[in-house]
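# What the coordinates show
Below, each chain spelled out in residue letters.
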Amino acid sequence: MANLIEIKGVTHAYRTAAGPLPVLENLDIAVPEGEFCAVVGPSGCGKSTLTRLVAGLMRPDRGEVWLHGELVRSPRKTVGMAFQNPVMLEWRTVLQNVILPLEIVAPTMPRAEKEARASALLALVGLAGFEHKRPSELSGGMRQRASLCRAIVHRPDVLIMDEPFGALDAFTREDLWQTMHALRAKEPFTAVLITHDLREAVYLGDQVIVLSGRPATTQHIMRVNYPGPRLLDGLYTPECSEMLHVLRDQIRIAQGRDTTEEATT
Amino acid sequence: MSALRAAAVPLAAIVAFLGLWEFIVWANDWPNYKMASPSDLPPAFWKFRWFFVEMSWQTLWRTVAGLGIAVVAGTLLGMAMGFSRIARDALYPLLVGFNAIPKATLVPVIALIFIGQHDFNTVLMAFLISFFPIAVSVGIGLSTLEPEYRDILRSLGASRVTIFWKIALPKTLPEFFGALKVSVTLAFIGTNLVEIVSPHGRGLGALFKSGETNGDYPLMFAVLIALAALGIVLYYAVVVLERIFAGWAERPAQ
Ligand SMILES: Nc1ncnc2c1ncn2[C@@H]1O[C@H](COP(=O)(O)OP(=O)(O)O)[C@@H](O)[C@H]1O
Ligand SMILES: [Mg+2]
């Protein structure tokens, strides 16, 4: 299977008033088509920068980002994005919010077709009946569901999510994880999920990539062998505990503290 | 029932206010040339009714014209400041400095530059006095747009123009209308300032001045009432536009 996303030797520094701030260094990530790649790393290490590079919103100083065998130089219509802030446009209804990308990507698509597509997605994430509500009438979890629909309404081949569930409470978050699996079952996309929740990374990811502290490099890559079907109960099996343990250790190393040191204090 | 009460309370307050006014004038036995009383106003309105219609129209169209130019120029200035750091750094001190000048001092300056151009001067003043809040609000609205709002469209390759029309502009509409409510009041002040000061002015301000010249206090007070009415109409016209174009920003009552 070909790699749909390939990040090769990406190095990037922000130019700040205090001089260059190296953020990514020689980063390598490969995500095969249809796979779900979770990325974890210390806060401020450059995860959001990575999403902006993959989306083509920025170009790296060095290295290359390939999507679908094409070098990314600028934004492309085959990408979907979701952020921690669901960024609903308050002057549009929920349905009109979901349609937004189609207005850019497929301006000639008949309105009825756009609405049918958006309604179907909203129903899939459990928002049937909320199409004509204002975003302000929705709870945080519902807004994020709608935001996910908007991110995939134009059938992108890459879905990039930057801590989309980070602001939600634990139970809502678990609901959203299941919604994510429901969406994956219906909609083929390759996903990059930035998260700071290790359980989320294991529950959703086919592979989990641990980035080192800034400047970030690929510190550890873990294949997820989820025990059985992707059910929440699976998170409490020894296999998952083991994976979470490994990730925990890797994060400690990324943060610059090793396990032995912490054990003695 | 509650609708009746909602109307009755402010109405009663107005009646009480007029009654108090009438009483104070009567109790002090002030003559007409010192202080008019409410009962003097209807005759004054009736006597000068055609003047009131004509002059109100003059004041109205010039205020609206000045405000219209302020909206266009203010929005353009705001866009420049919102999109370009350099434009912001360059324009902001100039605008703040200009805004700090009490606009009354500009009236003779304008009158000297454009002698006798009464309509032009009036519209110009209404514009000069009212564009600042609009420019600032649009500028701040655009420059504080969260990057995610831009990125949901930019990541699809949308142009800056598209992002402006679909996201940035609608998102700044509530701030824009907030500023417009201030600006409409300011433009109205600007119009009247020129109308009152100009030697051969027209409009309600000129009518006010002729009342003053002729010692016709009831007329002067009648003009004040007419100005208040016109000001209310202008203000609520903006409120109606706001409801139509930025009604979404109102939180639903919980
Ligand atoms: N536009 C920018 N200009 C300068 N520095 C930035 C910019 N964006 C992010 N940074 C800095 O780069 C580092 C990485 O940022 P980011 O990619 O957002 O990290 P993360 O998402 O992992 O928390 C942070 O230290 C941040 O302050
Ligand atoms: Mg981030």
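Data block above holds the structure.
Described below are features of the structure shown in this document.

Definitions and cut-offs
Residues numbered from 1 in each chain as written. Chains lettered and ligands numbered in written order. Predicted model: local features only at pLDDT ≥ 70, side-chain atom pairs only at ≥ 80, totals over all residues. Heavy atoms only, no water. Helix = DSSP H or I, 4+ residues; strand = E, 2+ residues; numbered from the N terminus. Contact = heavy atoms within 4.5 Å. Areas by Shrake-Rupley, 256 points an atom, 1.4 Å probe, with all protein chains shown as cover. Lys, Arg positive; Asp, Glu negative; His and termini not counted. Charge placed at Lys NZ, Arg CZ, Asp CG, Glu CD. Buried area = accessible area lost by both parts, 1.4 Å probe. Salt bridge = Lys/Arg side-chain N within 4 Å of Asp/Glu carboxyl O. Polar contact = N/O pair within 3.5 Å; in protein donor to acceptor, adjacent residues only side chain to side chain. Nonpolar A, V, L, I, M, F, W, Y, C, P; charged D, E, K, R; others polar. Pairing = 2+ DSSP bridges. Buried < 20%, exposed > 50% of the residue type's maximum accessible area, 1.4 Å probe, protein only. Phe/Tyr/Trp six-rings, centres within 6.5 Å; stacked < 30°, edge-to-face > 60°. Lys NZ or Arg CZ within 6 Å of the ring centre and 35° of its normal.

Time to look at the overall build of chain B. Along the backbone of chain B there are ten helices and zero strands. Listing the helices and strands of chain B from first to last along the sequence gives α-α-α-α-α-α-α-α-α-α. Judged by the C-alpha coordinates and their principal axes, chain B covers about 75 × 60 × 30 Å. A separation of at least 24 residues holds for 71% of the contacts in chain B among residues at least 6 apart in sequence. Counting only carbon and sulfur atoms, one obtains 72% of the accessible surface of chain B, whose full area is about 14000 Å². Where the 18 positive side-chain charges of chain B centre and where its 15 negative ones centre are 7 Å apart.

Listed by partner, the interface residues are 25 residues for chain A and 18 residues for chain B. Summing both partners gives a buried area of about 2000 Å² for chain A against chain B, and 70% of it is carried by carbon and sulfur. When residues of chain A are sorted by the area they lose upon contact with chain B, A:Leu57, A:Trp91 and A:Ile104 head the list and together hold 31% of the total. The tally of links from chain A across to chain B stands at two salt bridges. B:Lys166 is the partner of A:Glu103 in a salt bridge, and the nearest nitrogen-oxygen pair spans 2.8 Å. The interface formed by chain A and chain B holds three residue pairs in polar contact (both at pLDDT 80 or more) in total. Residue assignment for the side of chain A that touches chain B shows that the elements contributing at least two residues are strand S6 (79-83) and helix H2 (94-105) of chain A. When residues of the side of chain A that touches chain B are assigned to their parent elements, the largest contribution, five residues, is made by H2(A). Grouping the constituent residues of the side of chain A that touches chain B by class yields 14 nonpolar, three polar and eight charged.

Next up on the list: the pairing of strand S10 (residues 218-223) of chain A. In terms of strand pairing, strand S9 (residues 207-211) of chain A meets S10(A) through five bridges, oriented antiparallel. Note on S10(A): the bridge partner recorded for A:Gln207 is A:Arg223.

Within H2(A), ten of the twelve residues are buried, which leaves the element mostly enclosed by the surrounding structure. All of the buried residues in H2(A) are A:Val94, A:Leu95, A:Asn97, A:Val98, A:Ile99, A:Leu100, A:Pro101, A:Leu102, A:Glu103 and A:Ile104. Looking at the buried positions of H2(A), the neighbouring elements they touch are helix H3 (111-124) and helix H4 (140-152) of chain A together with helix H7 (147-154) and helix H8 (160-197) of chain B.

Let us look at the packing of aromatic side chains. The final tally for this structure, using the stated rule, is 15 aromatic pairs over all chains. Here the aromatic rings of B:Phe83 and B:Phe164 are separated by 5.8 Å at their centres, their planes lie at 70°, and the arrangement is edge-to-face. Linking B:Phe83 in helix H3 (residues 49-83) with B:Phe164 in helix H8, this pair joins segments that are 81 residues apart in sequence. Residue classification places B:Phe164 among the buried residues on the basis of a relative accessible area of 9%. Ring geometry for B:Phe164 and B:Trp165: centres 5.6 Å apart, planes at 70°, overall edge-to-face. On the accessibility criterion, B:Trp165 (56% relative accessible area) is exposed. Ring-pair connections join several aromatic residues into one group, and the members of that group are A:Trp177, A:Tyr203 and A:Tyr226. Over the ring of B:Tyr149 we find B:Lys171, and its NZ or CZ is 4.6 Å from the ring centre.

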